[in-house]
Amino acid sequence: LKERADLLEQDDARQALSLGLIAEEIAEVLSSDEARALASWTQANAYDLLAENESAVRCYERAAELFNAAGKPLEAARTTIGQMFTLMQLGQYDKSQLLAQSARAVFVEHGDVLSQAKIDMNLGTLHYQQGKYTQALEDYKQATDAFQSLGETLYGAMNQINQANVLLLLDDFLS
């Protein structure tokens, strides 16, 4: 159900949320922390797209707790990718930064370069929003390099655009 919701969420976040609620009912019958975590994560992503940020944060936090209870620290850390962006929208920059640093350490430990690059990309956005343009540029460059090494051309291109925007703000037209 989570995979189906992930495919639907950009086009129909309400339907993705419905799938998350159905997944939650199934998870309760299964009495599985991992299934409950997936249901909460699905709901969190949908709430985020519906701009229901407080609900999204609660669901992200619940998903991470449940993944940790199920012995899945890597999955718990992956929920942080969306959660940190939602926290930024709420202006909770310090909490977002702490979550990102904690998750990044898990990704490094497990060799999850893709998730690490996504965190770096979000850190770039966080630093950009805080006016820390030099740090944002470094974060974006690090993410771009990782995405390109993985053959992730879409994310690589997105980060190059992010880098260009920061360079414009820094009046650096030659880089």
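Residues numbered from 1 in each chain as written. Predicted model: local features only at pLDDT ≥ 70, side-chain atom pairs only at ≥ 80, totals over all residues. Heavy atoms only, no water.

1. Overview of the side chain of Thr144
Secondary-structure assignment places Thr144 in helix H8 (residues 133-149). Assessed through its relative accessible area of 3%, Thr144 is described here as buried. For Thr144, the side chain forms a polar contact with the side chain of Gln163, separated by 2.6 Å. Apart from the residues lying within four places of it in its own chain, the contact partners of Thr144 are Gly156, Asn159, Gln160 and Gln163. (Helix = DSSP H or I, 4+ residues; strand = E, 2+ residues; numbered from the N terminus. Buried < 20%, exposed > 50% of the residue type's maximum accessible area, 1.4 Å probe, protein only. Polar contact = N/O pair within 3.5 Å; in protein donor to acceptor, adjacent residues only side chain to side chain. Contact = heavy atoms within 4.5 Å.)

2. Concerning the side chain of Ser96
Looking at where Ser96 falls in the secondary structure, it is placed in helix H6 (residues 93-110). A distance of 3.0 Å separates a polar atom in the side chain of Ser96 from the backbone oxygen of Met84. Ignoring sequence-local partners within four residues, the contact set of Ser96 consists of Met84, Leu87, Met88 and Leu126.

3. Examining the packing of aromatic side chains
The full count for this structure, using the stated rule, is 3 aromatic pairs. Considering the side-chain rings of Trp41 and Phe67, the 5.7 Å spacing of their centres and the 90° angle between planes classify their relative orientation as edge-to-face. Remark: Phe67 occurs in helix H4 (residues 53-69) and Trp41 occurs in helix H3 (residues 33-49); sequence separation between them is 26 residues. Note on accessibility: Trp41 and Phe67 belong to one class, buried. Ring centres 5.6 Å apart and planes at 65° place the aromatic pair Tyr128 and Tyr133 in the edge-to-face group. Classification of Tyr128 by relative accessible area gives partly exposed; the value is 31%. Over the ring of Trp41 we find Lys2, and its NZ or CZ is 4.2 Å from the ring centre. (Phe/Tyr/Trp six-rings, centres within 6.5 Å; stacked < 30°, edge-to-face > 60°. Lys NZ or Arg CZ within 6 Å of the ring centre and 35° of its normal.)

4. So, the packing of helix H2 (residues 13-30) against H3
At a minimum axis distance of 8 Å, the contact between H2 and H3 shows a crossing angle of 165°. By the angle between their directions, the pair H2 and H3 is classed as roughly antiparallel. Handedness of the H2/H3 crossing: left-handed. Across the interface between the two elements, Ala13, Ala16, Leu17, Gly20, Leu21, Ala23, Glu24, Ala27, Glu28 and Leu30 from H2 touch Ala35, Arg36, Ala39, Thr42, Gln43, Ala46, Tyr47 and Leu49 from H3. Class assignment for the residues of the contact of H2 with H3 results in 12 nonpolar, 3 polar and 3 charged. (Axes fitted to C-alpha atoms, helices over the stretch in contact; angles between N-to-C directions. Parallel < 35°, antiparallel > 145°, perpendicular 65-115°, else oblique. Left-handed = near helix turned anticlockwise from the far one by under 90°. Nonpolar A, V, L, I, M, F, W, Y, C, P; charged D, E, K, R; others polar.)

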